[in-house]
Amino acid sequence: LVGWWDAGGSRHAKDFGPADASGAVGNAPAGVMSYWAWSKGSATLTVYTSSDQGASWQKSTLPAPYRPIRYYDFKLSWTPDGALLGRQEDAFEVTDSSGSTDLGIRLWRSASGGAFTKVYEGSAGSPAPGYTYPTLTVVDGRIWSKGLWSDDDGVTWHAVPRWR
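Predicted, not measured: the structure shown is a model, and the values here were computed from it.

Participant: Go over the overall build of the chain with me, naming the residues and quoting the values.
Facilitator: The helix and strand inventory of the chain stands at zero helices and 14 strands. If you list the helices and strands of the chain from N to C, you get β-β-β-β-β-β-β-β-β-β-β-β-β-β. Residue pairs in contact within the chain that sit at least 24 positions apart in sequence constitute 35% of those at least 6 positions apart. Counting only carbon and sulfur atoms, one obtains 52% of the accessible surface of the chain, whose full area is about 9,200 Å².

Listed below in C-alpha cells is the structure:
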C-alpha cells in the first residue's frame, strides 16, 4: 500500500508495506487522512491515520469483518461521529421472486476501534443499471451508501424507494 497526498504545494507518498487489499478511508474529518490495508491470511485490518499532513502516522488494528478477496470489494469510511463503516460488495447472490439474480452487500460498523458489527445485509443499495454512485457519502449528517441511507451514524439503514 502506497498512500499519496498533496501538502505544502507538493506531492508526498508513504509506503505502508505490502497489502492484498487496501484503499483510502473516505469522509475523514478536516485535516485527517487515512488508509486501510489487509494482508492475505490476516484476521485484522490495519488503519493508518495522519492529522499533521503526513508528518507522522498512527497505526490501529481492528478485527477484520471478513477477508477481502480483491481491492474493490471492500470500502471503508469514517462516520460523522468517528466510527468506521465498511461496505462489502458482492457478498452473496440474491434471487428475487421474479427469478432475477443480484449480488448482495453487507455493511459493517466499528465504533471506538472495536470489532466490526454487521449493521445491514441485503440486495438494496445497488445502483440503477448504468449509474455509478459514491460508495459512502455524508451529507448534512446523513450517510448515503448507493441506494441506502442512515440518520443514526450508520447503526440502522433504510432503502431509498425507487420511483420508477
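Participant: An account of the pattern of salt bridges is needed here, citing residue identities and associated values.
Facilitator: The tally for this structure, following the rule as stated, stands at seven salt bridges. A salt bridge links Arg 106 to Glu 121; the shortest N-O distance between them is 2.4 Å. Residue Arg 106 is located in strand β9 (residues 101–110), and its partner Glu 121 is located in strand β10 (residues 117–122); the two are separated by 15 residues in the primary sequence. The exposure class assigned to Arg 106 is buried, which follows from its relative accessible area of 19%. Among the ionic pairs, Arg 142 bridges to Asp 151, the shortest N-O distance being 2.7 Å.

Participant: Give a description of the side chain of Thr 79 that names residues and reports values.
Facilitator: Among the secondary structure elements, Thr 79 is positioned in the loop between β7 (74–78) and β8 (84–95). A polar contact of 2.8 Å, which involves the side chain of Thr 79, links it to the side chain of Asp 153. Ignoring sequence-local partners within four residues, the contact set of Thr 79 consists of Leu 85, Ile 143 and Asp 153.

Participant: Let's hear about the packing of aromatic side chains: which residues, and what values?
Facilitator: Per the counting criterion, the structure on display carries seven aromatic pairs. Both rings, one in Phe 16 and one in Tyr 35, keep their centres 5.7 Å apart while their planes meet at 45°; by these two values the pair is tilted. Of this pair, Phe 16 sits in the loop between β2 (10–15) and β3 (21–26) while Tyr 35 is found in strand β4 (residues 33–38), placing the two residues 19 residues apart along the sequence. We classify Phe 16 as buried; its relative accessible area is 13%. Residue class for Tyr 35 comes out buried when judged on its relative accessible area of 10%. Summarising the aromatic geometry, the rings of Tyr 66 and Phe 74 are spaced 5.6 Å apart at their centres and angled 70° between planes, so their arrangement reads as edge-to-face. Assessed through its relative accessible area of 13%, Tyr 66 is described here as buried.

Participant: Requested: an account of the environment of Ser 60, with residues and values cited.
Facilitator: You can see Ser 60 is positioned in strand β6 (residues 58–63). Along the sequence, Ser 60 and Trp 36 sit 24 residues apart, while their C-alpha atoms lie 9.5 Å from each other. Leaving out residues up to four positions away in the same chain, Ser 60 has contacts with Leu 45, Thr 46 and Val 47.

Participant: Before we move on, could you go through the nonpolar core and cite the residues and values that matter?
Facilitator: Of all hydrophobic cores here, the largest spans 15 residues; its most connected members are Trp 36, Leu 76 and Leu 84. A total of three residues in this core trace back to one element, the largest contributor, which is β7. Once you skip the residues sitting within four places of it in the chain, Leu 84 turns out to touch Val 25, Val 47, Leu 62, Leu 76, Ser 77, Trp 78, Trp 108, Arg 109, Ser 110 and Phe 116. Counting nine residues, the second largest nonpolar core, distinct from the first, contains Trp 5, Ala 7, Phe 16 and Ala 37.

About the criteria used
- Residues numbered from 1 in each chain as written.
- Predicted model: local features only at pLDDT ≥ 70, side-chain atom pairs only at ≥ 80, totals over all residues.
- Heavy atoms only, no water.
- Helix = DSSP H or I, 4+ residues; strand = E, 2+ residues; numbered from the N terminus.
- Contact = heavy atoms within 4.5 Å.
- Areas by Shrake-Rupley, 256 points an atom, 1.4 Å probe, with all protein chains shown as cover.
- Salt bridge = Lys/Arg side-chain N within 4 Å of Asp/Glu carboxyl O.
- Buried < 20%, exposed > 50% of the residue type's maximum accessible area, 1.4 Å probe, protein only.
- Polar contact = N/O pair within 3.5 Å; in protein donor to acceptor, adjacent residues only side chain to side chain.
- Phe/Tyr/Trp six-rings, centres within 6.5 Å; stacked < 30°, edge-to-face > 60°.
- Core = buried A, V, L, I, M, F, W, Y, C linked by side-chain atoms within 4.5 Å.

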